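Below, each chain spelled out in residue letters.
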Amino acid sequence: MLKLILEFIIGIGIGIYGYLVPSYINMSVLQLGTLPSTKSLYKVLLVISLIEIPYCFFCMSMMQWILQQHILLLVIKWLIVVILLFLAGLNLFEAKKKSKHTSLENVNVMEKKQVNKLLLLAIFNPFQLSAWAIWGTYLIEKSWFEWSAFSIFIFSIGASIGVAIILWIYAYMGNKLVSYFSVNKKQIDYFVSAILVVLAVVQLVRNLS
């Protein structure tokens, strides 16, 4: 029982840490937090958090096999660079189309597009396999980590809760940036695009080293 509680708590910590570093998903949640509607925001937080459970469970359960697929991991590493650059360009393109005075109808359309794009990437997320391969490599050497299906499921629930916590913090930050500092949404969009380019360059350097 003590091991299960420990794995649950560690799962929460890893879930928080996994989305603590800027990425497309948490940056998009930050952008979503700048919009007045909270319904879409809570929907996104719930779906992304729940998706974390099967991703984590599958990756951790298949860790021995995943670590042997060197070509697959290499393809994913380069795919991440391509996706980050594509999303940065797409985000920049959409930011340029926005005006300071946007009608409510256009805001709703942009919000719907952003939510759908974010949910699509959350469901088909190549970043997840790479991230859990790293954590699996670390945890597989620990004698205190139980690799049974039930214990991995408990760990996955903890990771899901951790993801929900850190993404809510990002959404809260986005809301406060606009509310307290009078930051224009367009500036935030440009900032997110710059972050994605930096992340792509960092991943590129890692792949070449």
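In short, a report on the structure. Residues take numbers from 1 onward in each chain, read along the sequence in its written order. Local features are withheld for residues below a pLDDT of 70 in this predicted model, meaning they are given only at 70 or higher, and side-chain atom pairs are given and counted only at 80 or more; totals for whole chains, interfaces and linings count all residues. Heavy atoms from the whole structure form the basis of all side-chain values; hydrogens and water molecules are not counted.

## Observations regarding helix 2 (residues 24–32)
One turn of an α-helix holds 3.6 residues; hence residues three or four places apart share an orientation.
1) Next: Each residue is placed in one exposure class: buried if its accessible area under a 1.4 Å probe, protein chains only, is under 20% of its type's maximum, exposed if it is over 50%, and partly exposed if it falls in between. Helical segments are the DSSP runs of H or I of at least four residues, strand segments are the runs of E of at least two, and each set is numbered from the N terminus. In terms of residue burial, helix 2 counts as a mostly covered element, since 9 of its 9 residues are buried.
2) Next: Among the residues of helix 2, those classed as buried are Tyr24, Ile25, Asn26, Met27, Ser28, Val29, Leu30, Gln31 and Leu32.

## Some words on the side chain of Glu7
1) Next: By the element assignment, Glu7 lies in helix 1 (residues 2–18).
2) Next: Lys3 is the oppositely charged side chain nearest to the buried, salt-bridge-free Glu7, at an N-O distance of 7.0 Å.
3) Next: We define a polar contact as two N or O atoms separated by no more than 3.5 Å, with the added condition that, inside protein, one atom must be a possible hydrogen donor and the other a possible acceptor, whereas residues neighbouring each other in sequence contribute only through side-chain atom pairs. There is a polar contact of 2.6 Å between the side chain of Glu7 and the backbone nitrogen of Glu146.
4) Next: Note on contacts: a residue pair qualifies if any of its non-hydrogen atoms lie within 4.5 Å across the two residues. In this view, Glu7 contacts Trp144, Phe145, Glu146, Ser151, Ile152 and Phe155; residues no more than four positions away in its chain are not counted. In this tally Asp and Glu are treated as negative and Lys and Arg as positive; neither His nor the chain ends contributes. Salt bridges are counted wherever a side-chain nitrogen of Lys or Arg sits within 4 Å of a carboxyl oxygen of Asp or Glu.

## Examining helix 1
1) Next: By definition here, a helix of n residues has an expected span of 1.5 Å times n minus one. Given a rise of 1.5 Å per residue, 17 residues ought to cover 24 Å, and the 24 Å separating the end C-alpha atoms of helix 1 matches this to within 8%.
2) Next: Along helix 1, the residues that are buried comprise Glu7, Gly11, Ile12, Ile14 and Gly15.

## Here we look at the nonpolar core
1) Next: The term nonpolar core refers to a set of buried residues drawn from Ala, Val, Leu, Ile, Met, Phe, Trp, Tyr and Cys, joined through side-chain atoms within 4.5 Å. Counting 50 residues, the largest nonpolar core has Val29, Ile48, Met60 and Leu167 as its most contacted members.
2) Next: With 9 residues, the top contributor of residues to this core is helix 3 (residues 39–61).
3) Next: With sequence-adjacent residues up to four places away left out, Ile48 is seen in contact with Tyr19, Ile25, Val29, Leu118, Ala122, Val163 and Leu167.

## So, the packing of aromatic side chains
1) Next: Pairing of aromatic rings covers Phe, Tyr and Trp, the last through its six-membered ring, and needs centres within 6.5 Å; plane angles under 30 degrees mean stacked, over 60 mean edge-to-face, and all others mean tilted. Considering all chains together, one arrives at 5 aromatic pairs under this definition.
2) Next: Between the aromatic rings of Phe145 and Phe155, the centroid separation amounts to 5.3 Å while the plane-to-plane angle is 85 degrees, which identifies the pairing as edge-to-face. Note that Phe145 is positioned in the loop between helix 7 (126–139) and helix 8 (149–181) and Phe155 in helix 8, a separation of 10 residues in sequence.
3) Next: Aromatic ring contacts, followed pair by pair, group Trp132, Phe145, Trp147 and Phe155 into a single cluster.

## Observations regarding the packing of helix 3 against helix 7
1) Next: Interhelical geometry of helix 3 versus helix 7 gives an angle of 50 degrees and a closest axis separation of 9 Å. As far as their axial angle goes, helix 7 and helix 3 are oblique. Note that helix 3 runs across helix 7; the crossing there is right-handed. Residues Glu52, Tyr55, Cys56, Cys59 and Met60 of helix 3 pack against Gln128, Leu129, Trp132, Gly136 and Leu139 of helix 7.
2) Next: Considering only residue class, the contact of helix 3 with helix 7 consists of 7 nonpolar, 2 polar and 1 charged. Lines fitted to C-alpha atoms define the axes here, with helix axes fitted over just the stretch in contact, and angles between the N-to-C directions of these axes take values from 0 to 180 degrees. Each angle is binned into one of four classes, with values under 35 degrees roughly parallel, values over 145 roughly antiparallel, values of 65 to 115 roughly perpendicular, and all other values oblique. In this scheme the handedness of a crossing depends on how the near helix is turned from the far one: anticlockwise by less than a right angle means left-handed, clockwise means right-handed. The nonpolar class holds Ala, Val, Leu, Ile, Met, Phe, Trp, Tyr, Cys and Pro. Asp, Glu, Lys and Arg form the charged class, and all remaining residues, Gly among them, are polar.

## Some details on the packing of helix 2 against helix 3
1) Next: In contact at an axis separation of 10 Å, helix 2 and helix 3 are set at 160 degrees when each is read in the N-to-C sense. Relative to helix 3, the element helix 2 is oriented roughly antiparallel. In the packing of helix 2 onto helix 3, the handedness of the crossing is left-handed. Contacts between helix 2 and helix 3 pair Ile25, Val29 and Leu32 from the former with Ser40, Leu41, Val44, Leu45 and Ile48 from the latter.
2) Next: Across the contact of helix 2 with helix 3, the residue classes tally to 7 nonpolar, 1 polar and no charged.

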